[in-house]
Each structure stands twice: as structure tokens, then as C-alpha cells.
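What the coordinates show
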Amino acid sequence: MLEKINNSLIYLRAIIPSIIFNFYYLPFKQAVKLPIFCYKVRFVRLNGKVILNSSQIKPGMIRLGFNVVKTYPNNGMQWSNEGTVVFNGSASFGGGNSGIATLKSGTISFGNTFSSSAGGIIVASKRIVFGNNVRIGWGCKIIDTNFHPLLDLKTNAFKRGYGEVTFGDNVWFGMECVCQHSVNIPSNTVFAARSVITRGSKLETNCLHGGVPAKIIEQGVIRPKFPVYITDYSND
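These notes cover the structure that comes with them. Once a new chain begins, its residue numbering starts again from 1 and follows that chain's sequence as written. Given that the model is predicted, a residue must reach a pLDDT of at least 70 before its local features are reported, and side-chain atom pairs must reach 80 or more before they are shown or counted; all residues, however, enter totals for whole chains, interfaces and linings. Working from all heavy atoms in the structure, the side-chain values ignore hydrogens and water.

Remark: nonpolar core denotes a set of buried residues (Ala, Val, Leu, Ile, Met, Phe, Trp, Tyr, Cys) joined through side-chain atoms within 4.5 Å. Under the scheme applied here, a residue whose accessible area is under 20% of the maximum for its type counts as buried, over 50% as exposed, and between as partly exposed, the area being computed with a 1.4 Å probe on protein chains only. Within the largest apolar cluster, 43 residues are counted, with the highest numbers of intra-cluster contacts made by Leu64, Phe130, Phe167 and Phe173. The contact rule is simple, with two residues in contact once any of their heavy atoms fall within 4.5 Å. Discounting chain neighbours no more than four positions away, the residues touching Leu64 are Phe21, Ile36, Phe37, Cys38, Tyr39, Val41, Met77, Trp79 and Phe93.

Working definition: rings of Phe, Tyr and Trp (its six-membered ring) pair if their centres are within 6.5 Å, and the pair is stacked with planes under 30 degrees apart, edge-to-face with planes over 60 apart, and tilted otherwise. On inspection of all chains with the given rule, the structure shows 14 aromatic pairs. Relative to Phe43, the ring of Phe21 has its centre 5.6 Å away and its plane inclined at 25°; by these criteria the two rings are stacked. With Phe21 in helix H1 (residues 2–25) and Phe43 in strand E2 (residues 41–46), the pair connects residues that are 22 residues apart, well separated along the chain. Classification of Phe21 as buried rests on a relative accessible area of 2%. For the pair Phe110 and Phe130, a centre-to-centre distance of 5.4 Å together with 0° between the ring planes defines the contact as stacked. Within this pair, whereas Phe110 is found in strand E9 (residues 107–110), its partner Phe130 is found in the loop between strand E12 (127–129) and strand E13 (135–136), the two being separated by 20 residues in sequence. Like Phe130, Phe110 is buried. Counting from the N terminus, the helices are the DSSP runs of H or I reaching at least four residues and the strands are the DSSP runs of E reaching at least two.

Right, here's the structure in full:
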């Protein structure tokens, strides 16, 4: 009973910011269907664009800031968009010190059925592209720039510290992974908790990766496309 009341209060709190967000960013025919629900979202910058590419637009098909991990405190998420954010279907981006940010030159493109758990950070200065069915565990960071360049003492020139990041389909990040710039992640890949993926990482499809920098740990494994959870802990 208490859970139902709490859920009702959550959606009541989400109504006004969701209406504002949808009609600010989307064409009228899309906005009236309220496809984007916003809960505890702090709007820092609203200068960029949001594009929704979907043949079927439904209310709440994109959820921003909702609590998706019961043990993770949900103190909201931050939205700072000066570039372009594209949704190519349904998406969920959990709250809890999480954030989406684009610079003026940046684009983030989410594939269909994208899911990011609590505490996720995505920052694009150039371009970050997610395939379909990408799942990001809690506390992960995906950033396509170093923000601060390194100086090459031999050439006295700054190294390029940014580059496009692309995800294939059916990629799974365990908790607290970090993905740096100039990375191309193949489809059907899994990354263990706290993996650090760099442009020097050797990545292969149908493999579990882990470590700093990430490398192949086990071959011939994937996460199923449909959600599967461990429910029986009785086997020793």
C-alpha cells in the first residue's frame, strides 16, 4: 500500500517538469504524447536540441531521473545540453548523482531500449553513439574528452585529447566502469565492474572484458537480450 502511494507521489512530482521538457524540446505532435518523463532532474543548460526518432511514440517511453536501484539514494540527475541529444526509441536514465551533458559541438545518440542505472555520467564534446539494447550499470562514466590536453615535450604541441565513442548492440557495463575517448566497442560485449576502457583496449565480440586498461578475460559469453536475474542463492 505504501509503495503504491509513494509511486503515485513520484509521478505527480514528475508531471510539471515533464510537460515543460517535452514542449520545450519536441515538436507539438510529439510533445502532446509526453514521451519523456522527468523526475528530480536539475536543468542546468537547455540551449541544445533533443530529437526523438521513433515510429511509435508512447507516454513515458523515455524516463530521466527515476530511481532504478532501490539501495542507491536517488538525489536526482543533472541535464546540461548545449549540443544535441537523440533518442532512437525507449530509454531509461536513472537518478542518483547522475548526469547527461553535451558541449556545443557534442552529440549523444541513444539506441532503442537503452538503460543506465543510478549514478551514471555521460559527457559528449564530439560524439557518443549507443547501439540498441545497451545497459550501463550504476556509477559508470562515459566521456569522449579529457578536457585537459597533455603537452608533448618533444614537439611542444598539445596531444589530441578527445574523440568519438561508439557502442555496438547488446553491450553491458558492470558497475563503475569508465569509458574514455576514441573507443569503438563491438556488439555483444560485457565489461566487468570497474573496467577502464581506453583507445588502446583490445576488444572482441562475445567476450567478457575487465581490468585497467580493459582486456579479454573470457571468450564465448554474452548477456542475454532480455533481462535475467539471479533469484536462487541456495546452491553452494
